[in-house]
Each structure stands twice: as C-alpha cells, then as structure tokens.
Amino acid sequence: MLRKLFMMISLAALSGCATSRDGATDSGITYEEPSFEMSFRPEWMPKRLPKVDISENSKGASIRVNWSRSEHRIADMRRYLRLKKRILTSAQWRNRDPKLFHPIVTTGPSRDELLVYMGGESIWLQGSDVPEAWKRELIQLADDVKSEEIGERSSQSNR
C-alpha cells in the first residue's frame with residue numbers, strides 16, 4: 001500500500017497534476033499499478049552497465065534504461081517472459097522473506113541490486129546473490145532499447 005501511494009505521488013509530481021483516490025488524474029490520465037516490476041542497479045565501478053527498470057501491466061511490458069524519460073515497449077517479449085518465468089520459479093523467489101524491508105537508499109560498497117515486485121510480494125537481491133544469467137538477460141533487453149534508439153536517430157537524420 002505504501003509503495004502504491006509513493007508511486008502515485010511520484011507520478012502526480014512528474015506529470016504536474018493531482019491524483020484522485022481511484023488513480024484518475026485531473027488531466028484525464030489514469031495510473032494502473034504494475035502487476036510485475038523489476039529494477040536492476042549495477043555496481044558502479046568498474047563496470048559501465050545500464051540501469052534497467054521494467055514494468056508490466058495489462059497493456060504490456062515496458063522498459064526504461066538509465067532512468068530515461070523514454071519508456072519503450074519490450075521488443076523481445078520471448079526473452080523477457082523467459083526471464084520473468086525464471087525469476088518467479090527460482091529458489092530466491094520461493095524462499096523470499098515477506099517481512100523484508102527494501103530501503104530506498106542503500107549504504108555500503110557499490111554492488112549490483114535487483115528488486116522484483118509482483119502481487120504485493122518482492123525480493124531484493126544484492127551483490128553475488130544476483131544471478132549472472134539474470135543480469136545478462138536484463139543487459140541484453142537494455143541493449144535492444146539502445147539499438148532501437150540509435151536506429152530511430154539515424155532514420156530521423158536521414159530525412
């Protein structure tokens with residue numbers, strides 16, 4: 001509930017409009033709470049890996065890379081759905097602690113972090129607990145977005 005409230009306030013602040021209790025805004029835009037979310041923050045140094053945020057709702061799955069304002073539909077849905085299934089059938093998901101608190105700000109040395117939310121449940125993996133295969137898949141999904149953006153820019157410059 002607190003996460004939903006925080007997200008609704010953040011959305012209203014970003015869009016510059018007030019949000020009513022049912023999720024509708026005064027500008028006619030409605031907010032639908034995602035049914036599944038992933039947020040990957042890589043270790044800062046020495047790697048230069050992308051930050052990846054994925055959100056899924058009834059309209060499909062979208063991805064943001066490096067906190068971009070641009071949200072893209074996931075191009076390779078098969079890859080995404082395989083990753084989602086792998087996460088939701090993993091020992092990490094099955095053995096999650098329902099009382100675990102996920103801080104907004106973390107302290108300590110830089111390390112990979114992966115947060116996954118679904119249906120009011122979540123896992124927060126850090127450092128070596130983030131499976132390498134999951135990281136590779138998330139990075140590939142982010143690379144697909146970067147390739148798409150480069151293709152869009154080059155086609156616009158050719159006009």
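Residues numbered from 1 in each chain as written. Predicted model: local features only at pLDDT ≥ 70, side-chain atom pairs only at ≥ 80, totals over all residues. Heavy atoms only, no water.

K.L.:
Requested: an account of the nonpolar core, with residues and values cited.
P.N.:
Considering soluble globular proteins, one finds that nonpolar side chains tend to be buried as a cluster. Core analysis: the largest hydrophobic core is formed by 23 residues, its most contacted members being M38, I54, I63, Y80, L114, V116 and L138. Elements represented by at least two residues in this core include exactly β1 (36-41), β2 (52-57), β3 (60-65), α2 (77-88), β5 (113-118), β6 (121-126) and α4 (132-157). With 5 residues, α4 is the single largest residue contributor to this core. Setting aside its immediate chain neighbours within four residues, I63 contacts V52, D53, I54, S70, E71, H72, I74, L141, A142 and V145. (Core = buried A, V, L, I, M, F, W, Y, C linked by side-chain atoms within 4.5 Å. Buried < 20%, exposed > 50% of the residue type's maximum accessible area, 1.4 Å probe, protein only. Helix = DSSP H or I, 4+ residues; strand = E, 2+ residues; numbered from the N terminus. Contact = heavy atoms within 4.5 Å.)

K.L.:
Explain a positive patch on the surface to me, using residue names and the numbers behind them.
P.N.:
Judged by side-chain charge, R78, R82, R86 and R136 come together as a positively charged surface patch. The element best represented in the positive patch is α2, accounting for 3 residues. Tracing the sequence through the fold places R78 in helix α2. (Patch = residues over 30% accessible without salt bridge, like charges linked within 9 Å, V, L, I, M, F, W, Y side chains within 5 Å. Areas by Shrake-Rupley, 256 points an atom, 1.4 Å probe, with all protein chains shown as cover. Salt bridge = Lys/Arg side-chain N within 4 Å of Asp/Glu carboxyl O. Lys, Arg positive; Asp, Glu negative; His and termini not counted. Charge placed at Lys NZ, Arg CZ, Asp CG, Glu CD.)

K.L.:
Give me the lowdown on the packing of aromatic side chains, citing residues and values where you can.
P.N.:
Enumeration according to the criterion identifies 1 aromatic pair in this entry. Both rings, one in F36 and one in Y80, keep their centres 6.5 Å apart while their planes meet at 65°; by these two values the pair is edge-to-face. With F36 in strand β1 and Y80 in helix α2, this residue pair connects regions lying 44 residues apart in the sequence. In terms of burial, F36 and Y80 fall into one category: buried. The side chain of K51 reaches across the aromatic face of W67, ending 5.1 Å from its centre. Over the ring of F36 we find K84; its NZ or CZ atom is 4.9 Å from the centre of that ring. (Phe/Tyr/Trp six-rings, centres within 6.5 Å; stacked < 30°, edge-to-face > 60°. Lys NZ or Arg CZ within 6 Å of the ring centre and 35° of its normal.)

K.L.:
Explain the sheet that holds β5 to me, and be specific about the residues and the numbers.
P.N.:
Backbone-to-backbone hydrogen bonds join strands into a sheet, with any given pair of strands oriented parallel or antiparallel. Across the sheet, which stays open at both edges, the 6 strands sit in the order β4-β3-β2-β1-β5-β6 with antiparallel pairing between neighbours. In this open sheet, the two strands that pair with only one neighbour each are β4 (72-73) and β6. Sheet topology note: the β3/β4 ladder contains 2 bridges and is antiparallel. Looking across to β4, one finds that I63 is bridged to H72. Here α2 sits on the sheet in contact with β1, β2, β3, β5 and β6, set at roughly 90° to β1. (Pairing = 2+ DSSP bridges. Axes fitted to C-alpha atoms, helices over the stretch in contact; angles between N-to-C directions.)

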